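Coordinate inspection notes
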Amino acid sequence: MHNQEIHIPAIEKASVRLFIKREDRIHPFVSGNKFRKLKYNLLEAQKLEQDTLLTFGGAFSNHIAATAYAGFEKGLKTIGVIRGEELESSVSKNPTLLFAREHGMEFKFISRTDYRKKDTSAYINILKEEFGTFYLIPEGGTNTLAVKGCEEILTQDDARFDYICTAVGTGGTISGLINCSQLRQQVLGFPALKGDFLKSEIHKFAHKDNWKLITDYHFGGYAKINRDLIDFINLFKEQTDISLDPVYTGKMMFGIVDLIQKGYFDENTSILAVHTGGLQGIAGMNQYLKQKNLPLIK
């Protein structure tokens, strides 16, 4: 995917160069890191002759939408175990779940209490009793095969950058980027969630120490947003013609621009930000913003 240089007034006085890797253009419906994470998992499912994928996600999960479409494209059945029983009655009003259903995904809606058990073998066995055998993909898609896919994001040309930046959800994408980065490069992760649990997740998969989490730009936690972030995303779109999503890439780019303005990066530094896609989530977020009487994301 090509790298696009960003020229915006907010950073033009800084003597750094900022580029964005357009992974959001990798596939029309399985965008960015979801394409990378699913690539080897789909091959493994086919190798094991599994015709059903089962995975987990919330109301506006990029991973749910991407898995549904990838299964549809490959002729595999898909099952989405969805957090929140209350969503069952409103699928037709939820753009993400409606898209997934239209592409063949079967849903099981469960309580938040049960959802917390999703990684236990006891709960997986309950799901096997209900659905038969399936190929299990974890929430957010992160496992060893997903990290392997994310190791293909950086190309030889990207060795020239001093910093590689990415949004962080479950830790799979940043782990792949760390593994394929040059040792002299610094990989910066911008978590979309509050909490420090991510470090241990990343250590499971990443083999180098040239990385750091920047934890000041989660805006209150997963899917939390405020007017400053909305204004930033809309202005960025106006100035660059690049859409950012409010859960991941918007927060990352807000953070990068803020750090540039604060002089975090040395002079003549070159920064590559990875656009991990996730734009399908904007429609659902705009429904929420409308209810809150906040401006919509363009």
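In what follows, the structure referred to is the one given above.
Scope of this entry: the structure provided in the associated data block. (Residues numbered from 1 in each chain as written. Predicted model: local features only at pLDDT ≥ 70, side-chain atom pairs only at ≥ 80, totals over all residues. Heavy atoms only, no water.)

Some remarks on the packing of helix α2 (residues 62-74) against helix α3 (residues 95-102)
This is how it is decided: Where helices are involved, their axes are fitted lines through C-alpha atoms of the stretch in contact, as for all axes, and angles between N-to-C directions lie from 0 to 180°. What counts as a helix is a DSSP run of H or I of at least four residues, what counts as a strand is a run of E of at least two, and both are numbered from the N terminus. Oblique is the label for any angle not covered by the other classes, which are roughly parallel (under 35 degrees), roughly antiparallel (over 145) and roughly perpendicular (65 to 115). For any pair of crossing helices, the crossing counts as left-handed if the nearer helix is rotated counterclockwise from the farther one by less than a right angle, and right-handed if it is rotated clockwise. It only takes one pair of heavy atoms within 4.5 Å for two residues to be counted as in contact. Polar here means any residue outside two lists: the nonpolar Ala, Val, Leu, Ile, Met, Phe, Trp, Tyr, Cys and Pro, and the charged Asp, Glu, Lys and Arg; Gly therefore counts as polar.
Taken N-terminus to C-terminus, the directions of α2 and α3 make an angle of 15°; their axes are 8 Å apart at the nearest point. With respect to α3, the element α2 is oriented roughly parallel. Between α2 and α3 lies a crossing whose hand is left-handed. Counted together, Ile64, Ala65, Ala68 and Tyr69 of α2 and Thr96, Leu97, Phe99 and Ala100 of α3 form the full contact between these two elements. Residue composition of the contact of α2 with α3, by class: seven nonpolar, one polar and no charged.

A few points about α2
Which entries qualify depends on this criterion: Here the expected span of a helix is defined as 1.5 Å times the quantity of residues minus one. Only protein chains enter the accessibility calculation, which uses a 1.4 Å probe; a residue is then buried when its area is under 20% of its type maximum, exposed when over 50%, and partly exposed in between.
Helix length check: α2, at 13 residues, gives a terminal C-alpha distance of 18 Å against a target of 18 Å (1.5 Å per residue), a fit within 8%. Where burial is concerned, most of α2 is hidden: 10 out of the 13 residues are buried. Every buried residue of α2 is listed here: Asn62, His63, Ile64, Ala65, Ala66, Thr67, Ala68, Tyr69, Ala70 and Gly71. Contact partners of the buried residues in α2: α1 (33-47), β3 (52-57), β4 (77-83), α3, β5 (105-110) and α11 (281-291).

Notes on the state of the cysteines
So the rule is basically this: Defined by distance alone, a disulfide is two cysteine sulfur atoms within 2.5 Å.
What the rule picks out here adds up to zero disulfides. Free of any disulfide, Cys165 has its nearest neighbouring cysteine sulfur in Cys180, separated by 14 Å. In this structure Cys180 is not part of a disulfide, and its nearest cysteine sulfur, from Cys150, lies 8.8 Å away.

What to know about unusual backbone geometry
For Phe219, which is not glycine, the phi dihedral falls at a positive 55°. One can find Phe219 in the loop between β9 (211-213) and α9 (227-240). Its identity as a non-glycine residue notwithstanding, Asn293 has a phi of 55°, on the positive side. Relative to the elements of secondary structure, Asn293 occurs in the segment after α11. Looking at Asn293, the relative accessible area reads 67%, which means it is exposed.

Some thoughts on the pairing of strand β7 (residues 163-168)
Where a strand is regular, its side chains alternate between the two sheet faces. What counts is decided by this rule: By definition, two strands form a pair when at least two bridges between them are found by DSSP. Seen with its strands pointing away from the viewer, a crossover is right-handed when the path leading from the first strand over the helix to the second is clockwise.
In terms of burial, β7 is a largely internal element, six of the six residues being buried. What you see with β7 is no split at all: Tyr163, Cys165 and Ala167 on one side and Ile164, Thr166 and Val168 on the other are buried throughout. Both β7 and strand β8 (residues 186-191) contribute to a ladder of six bridges, which runs parallel. Bridged to Cys165 within β8 is Leu188. Once the chain exits β7 it traverses helix α7 (residues 172-180) before rejoining the sheet at β8, and the crossover so formed is right-handed. Looking at chain direction, β7 and strand β10 (residues 270-274) are connected through three bridges and run parallel.

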